[in-house]
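So the chains spell out like this:
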Amino acid sequence: MAKTVSELSFVNASLIESRSGRRLSKKEDSERPYGLSDKTLGHMLSVMQGFDMELEPEKIQDYDNITAVCHSNQEAIVGGCPSGLLIIWKNGNRAMHYNCRSSVNIVTHGQKHARIYAGLETGEIVRWAYTKDNNALIEITKHKAGVTHIILFEEDTMMISASRDGKMYFWYLTAKKKPIEFHEHQSEITSLQLHDDETKFLTSSIDGEILLWSLEIIESIHVLHRFRGSYGIEHIELNGNTFFATDTKGILAKWSLEDYSVLHSVELPSKVVSMCKSNDRRYLFLILQSAIEFSIKVVTIDKFESEKIFTIPNAHTQQVNAVRAVPKGNKVITSSKDGSIKIWDFDEKYDTYLVINRNIDINCIAANESLNLIVCGDTEGKVEMYTLGGKKLERELKTVTKCEINTIAFTNDLKYVAVGCEDQRILLWHAKGFAKEEWIVFKEHSEGITSICISLDSRYLISASSDRTIKIFDIVYQRLEKTLSSNKSDDNSGRGEVAGHKKDVTDVKVTKNYIYSSGADGFVIIWSIKTFAQLKKFEFGQEITTLCPSIKEDCFAVGGKSNVIKIWWDFMHVPYVFDAEGHEGDVIRLIVYGEENFMYSIAKDCCLKIWSLDQGLILFSLKIDEMVNFYVPKEQRLIYVVLFSKENNISTIKKVQNPLFGDNITIYPPHYSYFFKTYVKKIQSHETKIYDSYWQDYMIFPHCVNLAYSFIFANRPNLLKQSFAQGMKFLKSKAHESPLSWALFRNNSQCADVILKKLSKISLKHQRVIIEAVEKEMNQLISRNLTCLPLLYENLFEVLTENVDAAGKLKKKAPMIAISDDRILCQDDFFDRSSSLHKKEFLEFRMSLCRFQLELGSIESLKLLGSITDCHNSELFKTQLLKAFLTFKWRQNFYILILETLLYCTNLTFLTIFVINSKSGNQSGILSILLLLNSLNLIQNGTKCYYSIYRFFRSTWNILDLCRLILSFFFIFYQFTAENPEDFGLELLTLCYWLKAMGYFRIFNKYRYLLRVIMEIIKDMTPFFLILFTSTIAFAILLCVSQDGISFYNSFVNLYLLDQTNFVIKLDSFENDIVFFLASLLNPIIMLNLLIAIMGDTYDRVQEDQIVADYREMTELILEAEYLAFWRRSNKGLLMYITRCDYMRNLNLEKNQWMGKIKAVKKSLQILEGKFKSTSRTIDSVQFNLLDRFNEVVTQSSILSKRLKDIK
C-alpha cells in the first residue's frame, strides 16, 4: 500500500536559534528536516553546546594529613600520615588504625590476602593483617633509611622494597630465606615499577638515572639497561613496552623499552607529586605541586603525542598528595593535606529502585502507568495488585486453585486485567474498582495457558496453550470464537501442509491485521485476524520461548533456546532475516514498542538490552544480577525487572529509569563517561583535531545521538570523515533525526558531502534507517547542490540480478518504467514470456532503493520538482535514477502539455486569421474568441503564480507569456472601445505570440535541444553585442565629423550596414578612408569572426552537456504541467519505488557515446604527452650544456689557483 507523509507542526519556536544565534526565519523554519521539531532541536543544541562537567566523588573526611593511600580488593581504603598513623576505612568510615613509629612514606595492599604493607621513614616495613580472625602486625627491618617504594608479586609471596639510601631488598614473604640486597643507585630511589610479565622492573633515582632490571632468575637479578635523564627522576609509570617518567623540572617524558629512546616529552607547569595509570592503561593521572591549583591532570596515553593534557579542577581544597588507581573498575582515589580522601568514579551510574519485595517466586508481571498499577502473579496462584510506587492495594484477586500464574495482560481500553493459569483457565477481572472475584472465566484449553494477548480493539482475547492450540475468545459475548490447531489442513498453501504447531504453543501476539504464534517446534505462524487463516510460516531453528511483532507490522522478533534474536523484515512479501547478537544466554522475553521499533530483551545472562530494530543495533545494556523477568509499560518511561534470589527464595521487583525516555542526559556505555563528555566539549571548542575511535560506539540519551552529531554541530568534516571510515554508525535519533538531516539543518554542506560519500560506498539494500533519512531529506539534498549526491543516486538504483530473466521483448517503448509501493519485481508487467526467441534481446532491470513523490500535482511532488529545477549539479542529471524519475514524470504529464499546446495553437490560429483579415472589416467575433482564449491562458498562468511568484517570474517564457497577455488584453479592449480602431501594437503582439510559440517546441526532444542552443548563444552574445554597438556608435560619430552633411542616424545606419559587409560610405576624403579602414577592420572582420568563435564555444559547451540541458528543460516543462493540476493540490504525497527495464543495446549506445569522448580526450592527452617529452628532452640537453660549461669554469678556476700559488 502507498504510504503518505503528513505535515508535522512545529512548536516553541523561541527555543530554536540558527548557527549564528539568531532566530530562524519563517522560510528557514519551513525548510527544516521533517523530524526536527523545535523542542527537540532546542534540547539537542543545549546538549551539543556542553555538558555538566561537575564530578561528585565519594568523600572520606579525616583530620590528618594523608600522604600515602591505596585501595584493596576487599573494598577497604588504606592511608598513611606523616604522624605515623596508619588508617583503614570501610564504607566511608574509619574501621581501625595503628600508630607506627615514624612517618608513613608508602602503603600498598596485597592482592590475594587482607594485608597491608607500609614503608616507614625509619626504614621499617610494617605488615598488618587486619582480618577479624587475624589482626597481627609484623615489623620487617633491614633498611637503614626511609622506605620509599614497595611492590608485591607472585601472588603476594615476594616483595621488593627500595629506600632513600639507594638500596633495594628482595624479600621471600612465605619462605624462610634471607632477603637479597641490591645497591646500584648512588642516591635516593624515587620510584619502583614492576612489568606486567613480572620478568623485569624499573627503578629511578634522584640523580636522574633509570635502571631496567631482569627478574627472570631471582638469584641473579641484574641491570639490563641504564637510562639517563637530564634532571632528577621523581616518578615512573610502566605501560607495556613504554614508560612515563617525570623529573624535578616538571618534564613528563615517554620512553621506549625497545630502542631505549625518548618518544615524546611535555613540560608541565611544576613538578609531579604523584602519578598513576588507569587499570585499562588508557589514562595517566598526574598530581602537580601547587599552592593555588589543587587539580588532577589527565593524559590520554595513546594520544600523548598529539592531544593536550586536560584538567579535573578543584579536586581538593589543599595540596593533593597522592593518586592511586582502584584495583577494579575505572576509579582512582586521591588524598590531600586537607585530611580528605576522594574516590573518583568516571563511569555513568544507572540506579535501580526497589518497588516490591516478596517471599515467594513472582512468575509474571504487568504494569500500566495510566492505571498506576502493577499486577504480579506467583507460582502459588496469587494475583496481587500494587501501585507503581510499591504500595500494596487491599485487593488480592482470587484464583481458587493454587496453580502457577503464567501470563498477565491488560486490555487496551484498560477495563480488564486478564490472567492465564497453569490449570487451563483464563480469568478476567475489572482493572478498576475493588472486586476480588473474577468477572469472566474461560476454560477451553486442555492444558496450561502459556501466553495471552488482547486485540487492539479490546474485543478478542487470544490465548496459547501447551495443548498445541490457539484460541480466540470474544470478550464482549464471552464465548469461544475460533480454535487454531494442527487438526486441519492449510487450504491457503495448496500443498496439503498441516496447519498449526506440532508442539506446545509458547507465545502469541496480535497486531491490527495479524496474529503471531510461536511454538516449541521452532516455528512462527502468521494468521489473519479477520479470517483466522494461516498466511505464513517461518522456521527459527530452535525452541521458541518468546516473540513480539512491531506495531507497524513491518517486522517481528523471535527469541528462544539461543543467544541470537532473529528479526524477520517485510515478512508478508520478500522476507529478510536479521540476526541480533548480543546476549550470552538463552533469550527469555522480548517486548517491541512504538513507531520507533524499540525492542527490550532479557536473557539468562541477566542482561537487559534495548535495541533499535530499524538500525539493528543495541542502544543500551544493563546487567542486573538475579534478573529473571521484566515488563515495560507502553509509556516506556520506566522498566520493571523481577529478581529472584535462590538462596533465600525472595522475589524483588525493581524499577529502572529508561534512558531513552528520561529527562537527564545519560551516556552509554558508562565506562569513562566523564572523559567522553570532556572529549565532546573539546570538539565543540575546537581544542582537538584528533579523532579518538575509542568513543565511536558511545551514545547520548535520551536523544539517542552519537559523536557524528557533535562533529556536524561543530563543523568538523575531517573528524566526521575519519569516524565513518573507522566504523561510526549512521544513528537515527529518538526523534527520527539522522546525521544527514542534522547536517542539512546546520547548513553544513561539507559534512553532508562526507556523509553522502560514505553512503555511496556501502550497500544500502537493507539499510532501512539510511533509506528513510534519504527519502525525508530528498528535496534538501537536491537543492543544496552537494557534490557527492550523484554518487549516492547511482548507489540507490540497484541492478537486479537474482531471479530475473536476462532476455525478453518489451511490451512498450524502451525504457519501460513502472512504480510500486514495495520492492517486488513483476517481470510480466514488462515483457511477454511467450514471445519468440528471435525477438528477445538482453535486458537490464533496475529498481530504486528509496521511494519518490510521484502523485501528480501534489504539494510534495511540486517541491521535489522545484528542488530539481534549482539544482546546479550537472552530474546529477546524468545519473540513471534521476533520468528514470524524470522520464516517468514526463510520461505522466505529457498529455497535459499536449492539451496546453493545442490551446495555445488555437489561440495563435485565431490571431493569425485576425492579422490576415485585419483590413477586411469587422472582426469582433474573432476578438471575442481571442478574449476567451487569453482569459483561459490568464487562469493557467495564475495557477503557476499562485504556488510560487518567485519561481514564476524566474522563467523567461513566463515573463514573455505575461507580456503577451497584457498586450492581448490591451489590444482587444482597444479594438472594442475605440471609434476608429487601428492596428496599434499588432506588430509587437504578433511577435510575442510567435516567440512564445517557439517555447512549445520544447516538448519534442530534437527541438528542445536546438532551442537550448539558441538561448545559450543569446546569453553568451550579450557582452559581445554591447562591445559591437559601442564600437559602431563610436565610428558613427567619427563619420559625422569626417563627412559633411550627414546626420548621426544616417551615419549609424551606414556603419551598421558596414558591420553586415554592405557599405555605402563615400570614400571622398582621407578622413573618410581612415574611418572606413578602421571600422571595416574592427567590426566586420574581427568582431564578426569573434562572434562565430563565441557561437562555436557555446555550441561545444551545450553539446558537451546535451543530456543535462535536455533533462533540465524536461524538468521545467514537467513542473509547469503539474502547476496546471491545481485540483490535486490537496492530495497527499504518494511515495513509490521506481523500476526501469531497458535493452542493453540502448545502455551500451550511451556508453559508446561517452567512450568516443573519452577516446578524443585520450588522443589529446597523447599529443600533449608527446609535446611534453619533446620539451623534456630540450630541457635535458640545456642542462647537459650548462653542466659542461660549469665544469669548464671549475677547471679554469683550478688552473688559475695553481698559477697564483706558483707566483707566490
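Values in this document were obtained by computation on a predicted structure and should not be read as measured data.

The rules behind each value
- Residues numbered from 1 in each chain as written.
- Predicted model: local features only at pLDDT ≥ 70, side-chain atom pairs only at ≥ 80, totals over all residues.
- Heavy atoms only, no water.
- Salt bridge = Lys/Arg side-chain N within 4 Å of Asp/Glu carboxyl O.
- Buried < 20%, exposed > 50% of the residue type's maximum accessible area, 1.4 Å probe, protein only.
- Helix = DSSP H or I, 4+ residues; strand = E, 2+ residues; numbered from the N terminus.
- Expected span 1.5 Å × (residues − 1).
- Contact = heavy atoms within 4.5 Å.
- Core = buried A, V, L, I, M, F, W, Y, C linked by side-chain atoms within 4.5 Å.
- Patch = residues over 30% accessible without salt bridge, like charges linked within 9 Å, V, L, I, M, F, W, Y side chains within 5 Å.
- Areas by Shrake-Rupley, 256 points an atom, 1.4 Å probe, with all protein chains shown as cover.
- Lys, Arg positive; Asp, Glu negative; His and termini not counted.
- Charge placed at Lys NZ, Arg CZ, Asp CG, Glu CD.
- Pairing = 2+ DSSP bridges.
- UniProt positions renumbered as here; feature names shortened; annotations may be inferred.
- Axes fitted to C-alpha atoms, helices over the stretch in contact; angles between N-to-C directions.
- Parallel < 35°, antiparallel > 145°, perpendicular 65-115°, else oblique.
- Nonpolar A, V, L, I, M, F, W, Y, C, P; charged D, E, K, R; others polar.
- Polar contact = N/O pair within 3.5 Å; in protein donor to acceptor, adjacent residues only side chain to side chain.
- Left-handed = near helix turned anticlockwise from the far one by under 90°.
- 1 Å grid on protein atoms, 1.4 Å probe; cavity = no way out; pocket = protein on both sides within 12 Å on 5 of 7 lines; lining within 4 Å.
- Points joined across faces, edges and corners; volume = space filled by probe spheres on them.

Draft legend 1. Structural context of the pattern of salt bridges. Under the defined criterion, the tally for this structure stands at 46 salt bridges. Measuring nitrogen to oxygen at the nearest pair gives 3.4 Å for the salt bridge that ties R479 to E481. With relative accessibility at 41%, the residue R479 sits in the partly exposed group. For E481, a relative accessible area of 30% corresponds to the partly exposed category.

Draft legend 2. Fine view of helix α15 (residues 956-977). Between its terminal C-alpha atoms α15 stretches 32 Å, which fits the 32 Å expected from 22 residues at 1.5 Å a residue. Residues of α15 that are buried make contact with α12 (880-916), α13 (924-947), α14 (949-953), α16 (986-999), α17 (1005-1042) and α20 (1106-1124).

Draft legend 3. Broad picture of the nonpolar core. F285, F675, F852 and F885 are the most contacted members of the largest nonpolar core, which totals 98 residues. Non-local contacts of F852, meaning those with residues more than four positions away in its chain, are made with M778, Y793, L864, L881, F885, L1134, L1135, M1136 and I1138. The next biggest cluster of nonpolar side chains, apart from the first, holds 59 residues, and it includes I365, W429, F598 and I610.

Draft legend 4. Just unusual backbone geometry, in detail. Residue P702 follows F701 across a cis peptide bond; omega there is 10 degrees. Of note, P702 is situated in the loop between β58 (699-701) and α4 (707-713). Even without being a glycine, R468 presents a positive backbone phi close to 75 degrees. Summarising the element assignment, R468 is placed in the loop between β39 (460-465) and β40 (470-474).

Draft legend 5. Just a negative patch on the surface, in detail. On the surface, a cluster of negative charge is contributed by E404, E422, E447, D504 and E543. If you trace the backbone, E404 turns up in the loop between β33 (392-397) and β34 (405-410). Judged by its relative accessible area of 30%, E404 falls in the partly exposed class.

Draft legend 6. Geometry of the pairing of strand β32 (residues 383-386). A two-sided burial pattern is seen for β32, the buried positions comprising V383 and M385 on one face and E384 and Y386 on the other. In this structure, the hairpin formed by strand β31 (residues 373-378) and β32 is closed by a connection of four residues, where G381 is found at a positive phi of approximately 90 degrees.

Draft legend 7. Inspection of the UniProt feature "repeat: WD" (unreviewed entry) in the chain at higher detail. The feature "repeat: WD" (unreviewed entry), as annotated in UniProt, sits at residues 140-171, 182-223, 313-354, 442-483 and 498-537 in this numbering. For the annotated span residues 140-171, helix accounts for 0% and strand for 59% of the residues, and the straight-line distance between the end C-alpha atoms is 10 Å.

Draft legend 8. Broad picture of the sheet that holds strand β20 (residues 251-256). On the basis of which strands lie adjacent, the open sheet formed by four strands has the order β18-β19-β20-β21 and antiparallel pairing. The open sheet has two edge strands, β18 (233-239) and β21 (262-267), and neither has a second partner. Going across the sheet, the axis of each strand differs from the next one's by a mean of 15 degrees, ignoring polarity. Two strands pair when backbone bridges link them, and strand β19 (residues 242-247) and β20 are joined in this way by five bridges, in the antiparallel orientation. Following the sheet pairing, T246 is matched in β20 by L252.

Draft legend 9. Structural detail: the packing of α13 against α20. For the pair α13 and α20, interaxial distance at closest approach is 8 Å and the crossing angle is 105 degrees. Compared by their axis directions, α13 and α20 come out roughly perpendicular. Of α20, the residues touching α13 (which contributes Q940, T943, K944 and Y947) are E1120, Y1123 and L1124. When the residues that make up the contact of α13 with α20 are grouped by side-chain class, the tally is three nonpolar, two polar and two charged.

Draft legend 10. Seen up close, the side chain of S723. Along the chain, S723 falls in helix α5 (residues 717-725). According to the relative accessible area criterion, S723 is buried, its value standing at 0%. Separated by 2.6 Å, the side chain of S723 and the backbone oxygen of L720 make a polar contact. In this view, S723 contacts Y691, Q696, F711 and M728; residues no more than four positions away in its chain are not counted.

Draft legend 11. Seen up close, the sheet that holds strand β55 (residues 638-645). One open sheet holds the four strands; their spatial order is β29-β56-β55-β54, and the pairing between them is antiparallel. Strand pairing shows two members of the sheet lacking a second neighbour, β29 (352-358) and β54 (627-631), which therefore form its edges. Going across the sheet, the axis of each strand differs from the next one's by a mean of 25 degrees, ignoring polarity. As defined by bridge partners, β55 adjoins strand β56 (residues 650-657) across eight bridges and the pair is classed as antiparallel. Following the sheet pairing, S645 is matched in β56 by I650.

Draft legend 12. Spatial organisation of a positive patch on the surface. Together, K811, K812, K813 and R891 line one region of the surface with positive charge. Judged by relative accessible area, K812 falls into the exposed class, the value being 63%.

Draft legend 13. Representation of the UniProt feature "transmembrane region" (unreviewed entry) in the chain. The feature "transmembrane region" (unreviewed entry), as annotated in UniProt, sits at residues 894-916, 959-978, 984-1003, 1024-1049 and 1074-1094 in this numbering. Helix makes up 70% of residues 984-1003 and strand 0%. Its end C-alpha atoms lie 33 Å apart.

Draft legend 14. Summary view of the side chain of S191. Among the structural elements, S191 can be located in strand β14 (residues 189-194). Judged by its relative accessible area of 2%, S191 falls in the buried class. For S191, the side chain forms a polar contact with the main-chain nitrogen of I236, separated by 3.2 Å. Sequence-distant contacts of S191, defined by excluding residues within four places in its chain, comprise H149, L202, T203, S204, E234, H235 and I236.

Draft legend 15. Up close: the packing of helix α11 (residues 859-870) against α12. Orientation of α11 relative to α12, taken along the N-to-C sense of each, is 125 degrees, at an axis distance of 13 Å. The orientation of α11 with respect to α12, classified from their angle, is oblique. Crossing handedness for the pair α11 and α12: left-handed. For the pair α11 and α12, contact is made by S861, L864, L865 and I868 and by L882, F885, L886 and K889, respectively. Classifying every residue of the contact of α11 with α12 by side-chain character gives six nonpolar, one polar and one charged.

Draft legend 16. Main features of a nonpolar patch on the surface. A surface patch of nonpolar side chains, about 910 Å² in accessible area, is lined by L988, L991, L995, M998, F1001, F1004, Y1007, L1010, I1014 and I1018. Secondary structure elements with two or more residues in the nonpolar patch: α16 and α17. One can find M998 in helix α16.

Draft legend 17. Structural detail: empty space enclosed by the protein. With the rule as written, the count across this model stands at five cavities of 30 Å³ or more. Put simply, the largest cavity is a space of about 90 Å³. L897, E900, T901, K996, G999, Y1000, R1002, I1003, L1117 and E1120 are the residues that line the largest cavity. Only α12, α16 and α20 provide two or more residues apiece to the lining of the largest cavity. Per-element accounting of the lining of the largest cavity gives the leading share, three residues, to α12. Split by residue class, the lining of the largest cavity holds four nonpolar, two polar and four charged.

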